Amino acid sequence: MSITRRSLLIASAASAAASLLAARAFAAAPPLEKKDTYKVGFAQTESNNPWRLAQTKSMQDEATARGWQLVYTDAAGSAAKQVADVNSMIAQGVDLIFLAPREEKPLIPAIMAAKGAGIPIILLDRNVDQSLAKPGEDYVTFIGSNFIEEGQRVGEYLVGLGGDKKIIIELEGTTGSSPANDRKKGFDDVIANNAEYQIVASQSGDFARDKGRQVAETLLQAHPDANVIYAHNDEMAIGAIAALEAAGRTAGRGDCLVFSIDGGKEAVQLVVDGKIEAVVECNPRFGPKAFDTAIAYSGGEAIAPVIINPDQMYTPENAAELLATAY
Ligand code: GYE
């Protein structure tokens, strides 16, 4: 390609991006017409863990209870597939799209495409890069947990525990996803303010059990003195416990403390058993709040830019009592 042609292409791409930005700065998120029933999309990111299954069930149950049609897609862990899924929902003319964006950046074009087609988007559970898309302008709102606070709660609990467990391995969630970014920030900031604690390794286990096990195995070999594992979700914590046990070590206060976030039944049971020290809940039951928010939006109500789910914490003191309520 000639240099002039290439620079023309670059210039036209730049001006397209500039006009997209300009459009974004002025137009509000598309409205939702008031109707008796709706056809809505739910673009799920993957279905490889109990948290995702509980979230999907909650959305499906709510759609059934209200008699709405739900167009459900599962991106199977691929941001590219999720972009295609949203585009297919746009082509099917859904009234609104609930989107659980796998990562912070790659879903931005899909959000802009929906906006361009006049279809409002409500983000569920994961957020997008706020410098690239904004609530009220590009999508209606984000509904989910405060991930920074979740990480902070684990850090503060660990520091509050005192004792000699201070050498930490961190298992991060999916690279580029908002819960991984924020759970890391919240936790790491607490640790940075407590000089005697040290994070010796921090690596992604992609929120998956087996990946978490593999990464924990490698990191435990490299850092045999580690005595705390902080996993960004239950699945990786359960994988890490398998890695500890395979290495002849024990999960629990006697050897290595394990922490996680989510609060599925299996993890809460492990708190009861003393293998996980504490779990910060991240509530996956989005259905009622998601659908209520869509109705409020169709009625012209002002919607808060961020709607935070309240989360509890499972500890040795309350885990047995709360086990029955865990998803
Ligand atoms: O912690 C994890 C899931 O985005 C908050 O993603 C969610 C996280 C949740 O796959 O288990």
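Treat the numbers as computed from the prediction; the structure is a model and nothing was measured. (Residues numbered from 1 in each chain as written. Predicted model: local features only at pLDDT ≥ 70, side-chain atom pairs only at ≥ 80, totals over all residues. Heavy atoms only, no water.)

Enquirer: Mind showing me how you'd approach the site of the ligand here?
Expert: With respect to spatial proximity, the complete set of residues near the ligand consists of Asn49, Trp51, Arg52, Asp125, Arg126, Phe147, Pro179, Arg183, Asn233, Asp262 and Cys282. Side-chain polar atom of arginine 52 to an oxygen atom of the ligand: 2.8 Å apart, as the coordinates give it. Here an oxygen atom of the ligand and a side-chain polar atom of arginine 126 are 2.8 Å apart. Alone, the ligand offers 300 Å² of accessible surface; in the complex the protein occludes 100% of this. For the shell around the ligand, the elements supplying multiple residues, two or more each, are helix H2 (50-66) and helix H6 (178-192). Partitioning the shell around the ligand into residue classes produces four nonpolar, two polar and five charged. Here the shell around the ligand gathers at least three residues from each of two domains, domain 1 (17-144 + 284-308) and domain 2 (147-282). (Near = heavy atom within 4 Å. Polar contact = N/O pair within 3.5 Å; in protein donor to acceptor, adjacent residues only side chain to side chain. Areas by Shrake-Rupley, 256 points an atom, 1.4 Å probe, with all protein chains shown as cover. Helix = DSSP H or I, 4+ residues; strand = E, 2+ residues; numbered from the N terminus. Nonpolar A, V, L, I, M, F, W, Y, C, P; charged D, E, K, R; others polar. Domains from an automatic or database assignment.)

Enquirer: I keep staring at the packing of aromatic side chains and nothing clicks. Help me out?
Expert: The description of two aromatic rings rests on the distance between their centres and on the angle between their planes. Tallying each qualifying case throughout the model produces eight aromatic pairs. With a centroid separation of 6.5 Å and 65 degrees between ring planes, the pair formed by phenylalanine 142 and phenylalanine 147 is classed as edge-to-face. No difference in accessibility class separates phenylalanine 142 from phenylalanine 147, as the two residues are buried. Among the aromatic residues, those joined into a ring-pair cluster are Tyr38, Trp68, Phe98 and Phe291. Taking NZ or CZ as reference, lysine 166 lies 5.6 Å from the ring centre of tyrosine 197, over its face. (Phe/Tyr/Trp six-rings, centres within 6.5 Å; stacked < 30°, edge-to-face > 60°. Buried < 20%, exposed > 50% of the residue type's maximum accessible area, 1.4 Å probe, protein only. Lys NZ or Arg CZ within 6 Å of the ring centre and 35° of its normal.)

Enquirer: Would you mind showing me how to read the confidence of the model for the protein here?
Expert: When pLDDT is low, close inspection of the predicted coordinates is not appropriate. Chain-level pLDDT for the protein is 93 on average; 92% of the residues reach the 70-or-more range. Averaged pLDDT values for the elements of the protein fall to 49 in helix H1 (residues 3-26) and rise to 99 in strand S8 (residues 228-231). Predicted confidence is poor over residues 1-11, with pLDDT under 50, and the contacts of this stretch with residues over four places away or in other chains come to two contacts. (pLDDT = per-residue confidence, 0-100. Contact = heavy atoms within 4.5 Å.)

Enquirer: Is there a simple way to explain the pattern of salt bridges in this structure?
Expert: Oppositely charged side chains can pair when the atoms bearing their charge come close. In this structure the tally under the stated criterion is 26 salt bridges. Among the ionic pairs, glutamate 245 bridges to lysine 275, the shortest N-O distance being 2.7 Å. In this pair, glutamate 245 sits in helix H8 (residues 234-246) while lysine 275 sits in the loop between helix H9 (265-272) and strand S10 (278-281), placing the two residues 30 residues apart along the sequence. Assessed through its relative accessible area of 37%, glutamate 245 is described here as partly exposed. Overall, the relative accessible area of 29% leaves lysine 275 in the partly exposed class. Salt bridges linked by common partners bring Glu46, Arg52, Arg102, Glu103, Asp125, Arg126 and Asp206 together as one network. (Salt bridge = Lys/Arg side-chain N within 4 Å of Asp/Glu carboxyl O.)

Enquirer: Any chance you could explain the nonpolar core here in plain terms?
Expert: Proteins that are soluble and globular tend to have nonpolar side chains buried together. Core analysis: the biggest nonpolar cluster contains 64 residues, and Ile97, Phe98, Leu99, Leu124, Leu158 and Phe259 have the highest contact counts within it. No fewer than three residues from each of domain 1 (17-144 + 284-308) and domain 2 (147-282) sit in this core. What leucine 124 contacts, discounting residues up to four positions off in sequence, is Phe42, Gln55, Met59, Phe98, Leu99, Ala100, Pro101, Ile143, Phe286 and Ala290. Of all hydrophobic cores here, the second largest spans 32 residues; its members include Ala216, Ala243, Ile276 and Tyr314. (Core = buried A, V, L, I, M, F, W, Y, C linked by side-chain atoms within 4.5 Å.)

Enquirer: Help me out: how do you make sense of the packing of helix H3 (residues 79-91) against helix H4 (residues 108-116) in this one?
Expert: Geometrically, a packed helix pair is captured by the angle between its two axes and the distance between the axes. Their axes nearest at 9 Å, the elements H3 and H4 cross at an angle of 10 degrees. The orientation of H3 relative to H4 falls into the category roughly parallel. Here H3 contributes Val83, Val86, Asn87 and Ile90 to the contact with H4, which in turn contributes Ala110, Ala113 and Ala114. (Axes fitted to C-alpha atoms, helices over the stretch in contact; angles between N-to-C directions. Parallel < 35°, antiparallel > 145°, perpendicular 65-115°, else oblique.)

Enquirer: Explain the sheet that holds strand S11 (residues 306-308) to me, please; I cannot follow it from the model alone.
Expert: Hydrogen bonds between backbone groups are what pair the strands of a sheet, and the pairing can be parallel or antiparallel. The strand order S2-S1-S3-S4-S5-S11 describes an open sheet built from six strands, whose pairing is parallel. The open sheet terminates on both sides in strands that have one partner only, identified here as strand S2 (69-74) and S11. Pairwise comparison of adjacent strand axes, ignoring direction, gives a mean angle of 20 degrees for this sheet. The strands that H2 touches are strand S1 (39-44), S2, strand S3 (96-99) and strand S4 (121-124); relative to S1, the one it contacts most, it runs at about 175 degrees. (Pairing = 2+ DSSP bridges.)

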